[in-house]
Amino acid sequence: MGIVTFTTVVTLLALSVSLAITVALAVPFVWLTVVSSAWLGRVERSRAAALLGVEVASPHAPLPDGMGWLRRLQRRATAASTWREIGYHALLLPVGTVTFSLAVAAVSVPVLMLLLPVLQPFAPRDDLGTLPLGLAVALAGALVLALLTPVIVGHLARFDAWLVRSMLGPAKGAELTARVEQVERSRTALVDAVDAERRRIERDLHDGAQQRLVAVAMDLGMAKAKLDEQSGVTPEVRALVESAHNEARRAITELRDVARGVHPAILEDRGLDAALSSLAARCPVPVRIDVDLPERPPRAAEAVAYYVVAEALTNVAKHAQATQVTVRVSGRAGRLGIEVTDDGRGGAVVGAPGGLGGGLAGLRDRVASVDGWFQVLSPVGGPTTILVELPCAS
Amino acid sequence: MRVVIAEDAVLLRAGLVRLLADAGAEVVAAVGDAELLLDAVRRHRPDVCIVDVRMPPTHTDEGIRAALVIRSELPDVGVLVLSQYVEERYAGDLLAAGSSGIGYLLKDRVADVAEFVDAVQRVASGGAALDPEVVMQIMVRSRRRDPVAALTAREREVLALMAEGRSNTAIARALMIGEGSVEKHVNSIFVKLGLEPDAGDNRRVLAVLRYLRT
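Reading the values: rules and limits
- Residues numbered from 1 in each chain as written.
- Chains lettered and ligands numbered in written order.
- Predicted model: local features only at pLDDT ≥ 70, side-chain atom pairs only at ≥ 80, totals over all residues.
- Heavy atoms only, no water.
- Helix = DSSP H or I, 4+ residues; strand = E, 2+ residues; numbered from the N terminus.
- Buried < 20%, exposed > 50% of the residue type's maximum accessible area, 1.4 Å probe, protein only.
- Contact = heavy atoms within 4.5 Å.
- Areas by Shrake-Rupley, 256 points an atom, 1.4 Å probe, with all protein chains shown as cover.
- Core = buried A, V, L, I, M, F, W, Y, C linked by side-chain atoms within 4.5 Å.
- Pairing = 2+ DSSP bridges.
- Axes fitted to C-alpha atoms, helices over the stretch in contact; angles between N-to-C directions.
- Parallel < 35°, antiparallel > 145°, perpendicular 65-115°, else oblique.
- Left-handed = near helix turned anticlockwise from the far one by under 90°.
- Nonpolar A, V, L, I, M, F, W, Y, C, P; charged D, E, K, R; others polar.
- Buried area = accessible area lost by both parts, 1.4 Å probe.
- Salt bridge = Lys/Arg side-chain N within 4 Å of Asp/Glu carboxyl O.
- Expected span 1.5 Å × (residues − 1).
- Arc of directions from axis to C-beta.

Trainee: How should the overall build of chain B be read in this particular structure?
Mentor: The helix and strand inventory of chain B stands at 11 helices and six strands. Every one of the 214 residues in chain B was classed for burial, and the buried ones make up 55%. A separation threshold of at least 6 residues defines the contact pool for chain B, and within that pool the share at least 24 residues apart is 67%. When the accessible surface of chain B is summed, it comes to about 8,900 Å², and 51% of that surface belongs to carbon and sulfur atoms.

The following block contains the structure:
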C-alpha cells in the first residue's frame, strides 16, 4: 500500500511544485494532488476501520457553501489537514516497509525454528551442536518467540493505528472548536426561528382573533344601546347583553396583553425606548426610565432587553412592595447594559423554572441564550437590582 | 355630524360605519388608505375623520402623516387617530398644532361603544380625546416629577382625566364625585403646577400636556 500512496503523492506533489511558477499549469496538478491525497486518505481510514477496528473521522473542515471551486481548492490545499494527510502518504512507504518486515519476521522466525528439527537433515552440514541440545534450544527459542509474536504484531498494529489517527484524523483542538461552532450556529438558528414564530403568532392574533373580538364587542355595545332606547325590555335581557359586552371587553384586554407578551409590536416599530415607556405606563409602581442608546441595537438583543424589563417590573408589582423603580438602559461599544432597581423589600431568589423565582430563572436562561450576563442583587430588606449585559455586535 | 373613516381592516371599517350611523352620524366616506383619505376629506370637509395609524402601502405611519397634513390644511376638521398601541411621540406630533379637534385612542376603545361615540363627538366639536394609556405614558416620562408628586392621589386622577380631554362633568361621573369637588381639584391642580386656570377644556388639555412634556 505504501508504494502506491508514496508514488502517487510524491509524484503529484513534485509536479505541482515544479509547475508552481506557471500558476495556470500547476493548478490542475495541485487539484489532482489534493483530490488523490484525500481519496487515498479515505482508503487508508477505511482500511484502518476494517482491519484494525479503529474508526477515524475525516480531518478536513467542511467548506461553506457558495464558494467557487478555485477558492475551495485554495482552502483545501492550504489546510493543515491536507498536509498531514500528504505527509502520511509519503511516510507510509518507509514506515510501511519496516512494519511489514517486522511483522513477517515476527511470524516466520518462530515457525522456522519450530520446523528446524524437521529441516535439519536438509540443511548444509553446520556445526549446530549435538542433535538433542540443538533441538531443545530450537524448541525453547521457538516457544519464546511464538509468545512474543502476538505482542510484537499487536504493537505494530497499534503503531499503525496511531499513525492513521494522528495524521489522517482531525486535530484534537480543531475537533472541539468545530463542534462548538456547530452548536453555536444551531443555537442562533433556533433563537431566530423562535423569534420569527412569535412574530407570526402576534400578527395572526392581531389580524384574526383580536379584530373579531372587537367586532363582537362593538355589536354587543350597540345592542345594549338599542335596548336602552326601547321600553318593555325585560331587565334580564338587558343585564345579559351588558354582561356579555363587559366580558367581551375584558377578553379584548386580556388578548391584547397576551399578544404583547408574545411579541410587542411597539418594540418592532418604535424601538426599545418607546416600548419601555409603554411598560412603565402600565406598571402600578412609579417607574423612572433612563435610556441612552446612540444607535438601535440588533433585534435579538432588543427583545431580550424588553423581556428583562417586563419581567422585572412584573416582579416588582407583585412581590416587592416598592414605591419607586428605576430602569437604566445604555448601549456602549457593542454591549447593551440593563439595570432595574427597586426600593422594595428584597429577598428575590432565582429559582427553578415554574416555581418560586421561576420568572427570574427564565430570564437568566433567555439572557444566556444570547451569550449575555445576568445578575440579581437582592439582600433581604432591599433594595433589589437586576443587572444584565448583552453583546450586540451587529 | 359628518364623518370620514380611514381604516384598512375590513371588519373594523364596516363595524365603525355601522356604529356611527347608529349613533346618528352621517358617514360620508369610508376608505382604506391615506391617499383616498386626503381626497375624501378635501372633497367632503367632514366634522371629524377617524384614521388608523397603519395603512397601506407600508403599514407604518401613513395615518399619522395624513392626520398632520389634514391638521395643517384644514384645521376645522377634527382628527381622531386609532392605533394598535399608543406611542407618546405620535401624541406629541399631533398635539403640536394645538389641542383642538384632536384624538388619539387605542383601537380596543372602539368596543366601549358609548365612550367611543362620546370621544368622536368631542373631537368633532373641537375638543380633545386622548387615550388614558398615552396620558399615563406622558406622565411617566414627565421630568417634572416633584410638583406632580405634590398632588394628592385624587388630584393626580383628575389631572389624568383632564389630560384625556374630558369635561368636568365627565370627570365627575368617572370618579363618582360631585362636579363641585372636581372644580375644586382642578383649581388646586392649576395652582400647584403654576398654570393659568382657563375655562376652556381644550386649552387646559394643552396646558396640562405641555406642562408634563417639558
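Trainee: Which parts of the structure should I look at to understand the nonpolar core?
Mentor: Taken as a class, soluble globular proteins show a tendency for nonpolar side chains to be buried jointly. Counting residues in hydrophobic clusters, the biggest one holds 54 residues, and the most contacted among them are Leu37(B), Cys49(B), Tyr104(B) and Met162(B). Here this core gets six residues from one element, more than from any other, and that element is helix H8 (residues 153–164) of chain B.

Trainee: Help me out: how do you make sense of the sheet that holds strand S4 (residues 78–83) of chain B in this one?
Mentor: As a general point, the strands of a sheet are linked pairwise by backbone hydrogen bonds and lie either parallel or antiparallel. Residues and elements named next belong to chain B. Pairing in this open sheet of six strands is parallel, and the strands run S2-S1-S3-S4-S5-S6 from one edge to the other. Each of the sheet's edge strands pairs with one partner strand only, and the pair in question is strand S2 (26–31) and strand S6 (128–130). Neighbour-to-neighbour, the strand axes of the sheet open up by a mean angle of 20°, direction not taken into account. Sheet topology places strand S3 (residues 48–52) next to S4; five bridges connect them, and they run parallel. Bridging from a neighbouring strand, Asp-52 pairs with Leu-82 of S4. Each of S3, S4, strand S5 (102–106) and S6 touches helix H5 (residues 113–124); the most contacted strand, S4, lies at about 145° to it.

Trainee: It is not clear to me how unusual backbone geometry should be interpreted in this structure. Could you clarify?
Mentor: Apart from glycine, the bulk of residues carry a negative phi angle, and the bulk of peptide bonds sit in the trans form. Look at the link from Pro56(B) to Pro57(B): it is a cis peptide, with omega at 5°. Counting through the fold element by element, Pro57(B) comes out in the loop between S3 and helix H3 (62–73). Positive phi outside glycine occurs at Gln321(A), with the angle close to 55°. Tracing the sequence through the fold places Gln321(A) in the loop between helix H10 (299–320) and strand S2 (325–332). Classification of Gln321(A) as exposed rests on a relative accessible area of 62%. If you check the backbone angles, Ala333(A) has positive phi at about 45° while not being a glycine.

Trainee: Which parts of the structure should I look at to understand the packing of helix H6 (residues 172–229) of chain A against helix H1 (residues 10–22) of chain B?
Mentor: Helix-helix packing: each pair is described by the crossing angle between the helix axes and the interaxial distance. Where H6(A) contacts H1(B), the axes come no closer than 10 Å and their chain directions differ by 10°. With respect to H1(B), the element H6(A) is oriented roughly parallel. The two elements H6(A) and H1(B) cross, and the hand of that crossing is left-handed. Here Gln211(A), Arg212(A), Val214(A), Ala215(A), Met218(A), Asp219(A), Met222(A) and Lys226(A) of H6(A) lie close against H1(B), whose contacting residues are Leu11(B), Leu12(B), Gly15(B), Leu16(B), Arg18(B), Leu19(B) and Asp22(B). Considered class by class, the residues forming the contact of H6(A) with H1(B) number eight nonpolar, two polar and five charged.

Trainee: Would you mind showing me how to read the interface of chain A and chain B here?
Mentor: Interfaces are frequently sized by the accessible area removed from exposure as the parts join. Across the boundary between the two partners, chain A contributes 31 residues, which contact 28 residues of chain B. Taking both partners together, chain A and chain B bury about 2,700 Å²; carbon and sulfur atoms supply 53% of that area. In terms of surface lost to chain B, no three residues of chain A exceed Met218(A), Met222(A) and Arg270(A), which account for 23% of the buried area on that side. Inspection of the region where chain A meets chain B yields six salt bridges.

Trainee: Explanation requested: the pattern of salt bridges in the structure shown.
Mentor: Note on pairing: side chains with opposite charge can pair once their charged atoms come close. Residues and elements named next belong to chain A. Summed over the entire model, instances satisfying the criterion amount to 30 salt bridges over all chains. For Arg-238, the salt bridge goes to Asp-228, with nearest N and O atoms at 2.3 Å. Taken together, the residues Arg-238 in helix H7 (residues 235–262) and Asp-228 in helix H6 connect sequence positions 10 residues apart. The class for Arg-238 is partly exposed, based on a relative accessible area of 26%.

Trainee: Hey, could you run me through H1(B) in this one?
Mentor: Since there are 3.6 residues in each turn of an α-helix, residues three or four apart along the chain are aligned in direction. Taking 1.5 Å of rise per residue, 13 residues should cover 18 Å, and H1(B) covers 18 Å from first to last C-alpha, within 8% of that figure. Of the positions making up H1(B), those classed as buried are Leu12(B), Gly15(B), Leu16(B), Leu19(B) and Leu20(B). Burial along H1(B) is one-sided: seen end-on, the buried residues are contained in an arc of 125°. Among the structural elements, H6 of chain A together with strand S1 (2–6), S2, S3, S4 and H5 of chain B are those in contact with the buried residues of H1(B). Count one or two residues on from H1(B) and you reach Gly24(B), which has phi positive near 95°.

Trainee: What should I look at first to understand the packing of H8(B) against helix H9 (residues 168–175) of chain B in this one?
Mentor: Residue and element names in this part refer to chain B. Their axes nearest at 10 Å, the elements H8 and H9 cross at an angle of 130°. Here H8 lies oblique to H9, going by the angle between them. Regarding H8 and H9, the two cross each other, and that crossing is right-handed. Taking contact as the criterion, the partners of Arg-154, Glu-157, Val-158, Leu-161 and Met-162 in H8 are, on H9, Ile-171, Ala-174 and Leu-175. Split into classes, the residues belonging to the contact of H8 with H9 amount to six nonpolar, no polar and two charged.

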